[in-house]
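Each chain, written out:
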Amino acid sequence: MKLPTLTFSYIFMSHDNLTSQYMMYVLIESTIKVGSCVYTITEPYPEPTITYIQTFESYQRKGVATAMVMELEKKYGGICWDYKFTDAGRKWFNTLIDRKIVKNSCYV
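About the cut-offs
Residues numbered from 1 in each chain as written. Predicted model: local features only at pLDDT ≥ 70, side-chain atom pairs only at ≥ 80, totals over all residues. Heavy atoms only, no water. Buried < 20%, exposed > 50% of the residue type's maximum accessible area, 1.4 Å probe, protein only. Helix = DSSP H or I, 4+ residues; strand = E, 2+ residues; numbered from the N terminus. Pairing = 2+ DSSP bridges. Expected span 1.5 Å × (residues − 1). Arc of directions from axis to C-beta.

Draft legend 1. Geometry of the pairing of strand β2 (residues 19–28). Here β2 lies mainly inside the structure; seven of its ten residues are buried. Strand direction decides the pairing type here: strand β1 (residues 6–16) and β2, joined by ten bridges, are antiparallel. Residue pairing across strands places His15 opposite Ser20, the latter belonging to β2. Counted along the chain from β1 to the antiparallel partner β2, the turn is two residues long, and its residue Asn17 has a positive phi close to 55°. As judged from the ten bridges shared by β2 and strand β3 (residues 32–42), these two strands associate in the antiparallel manner. Directly across from Tyr25, in β3, lies its bridge partner Ser36. Where β2 hands over to β3, the hairpin turn is made up of three residues, of which Glu29 adopts a positive phi near 55°.

Draft legend 2. Spatial organisation of helix α2 (residues 87–98). Taking 1.5 Å of rise per residue, the twelve residues of α2 would be expected to cover 16 Å, and the 17 Å separating its terminal C-alpha atoms lies within 8% of that figure. Burial in α2 covers these residues: Gly89, Trp92, Phe93 and Leu96. On an axial view of α2, the arc spanned by its buried residues comes to 100°, and they lie on one face. Turned more than 90 degrees from where α2 packs its buried face, Asp87, Lys91 and Asp98 sit exposed. Once α2 ends, the next one or two residues include Lys100, with phi positive near 60°.

Structure follows, in structure tokens:
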């Protein structure tokens, strides 16, 4: 099943000292949430640190999480990860590196 065009919605969640936390939703048909990502931006570093990424079950393995990563890469020019992966998440992340989707990634 090929997904319709995805759109992204950003919500500011909180700010503490130099760190701001955001939620990004990925939507189809501009209204149906199919996944989400929580990330932080810590000044003065421009790259977001992804702390949580989820694709809702019926949309898993269809490119939704990869689309979220690509959107953040495009928006910020790099991504950091908190390095807390499930086994499946680690395998997925390795495919992002192998396919050169993650261009400038760091671990925290």
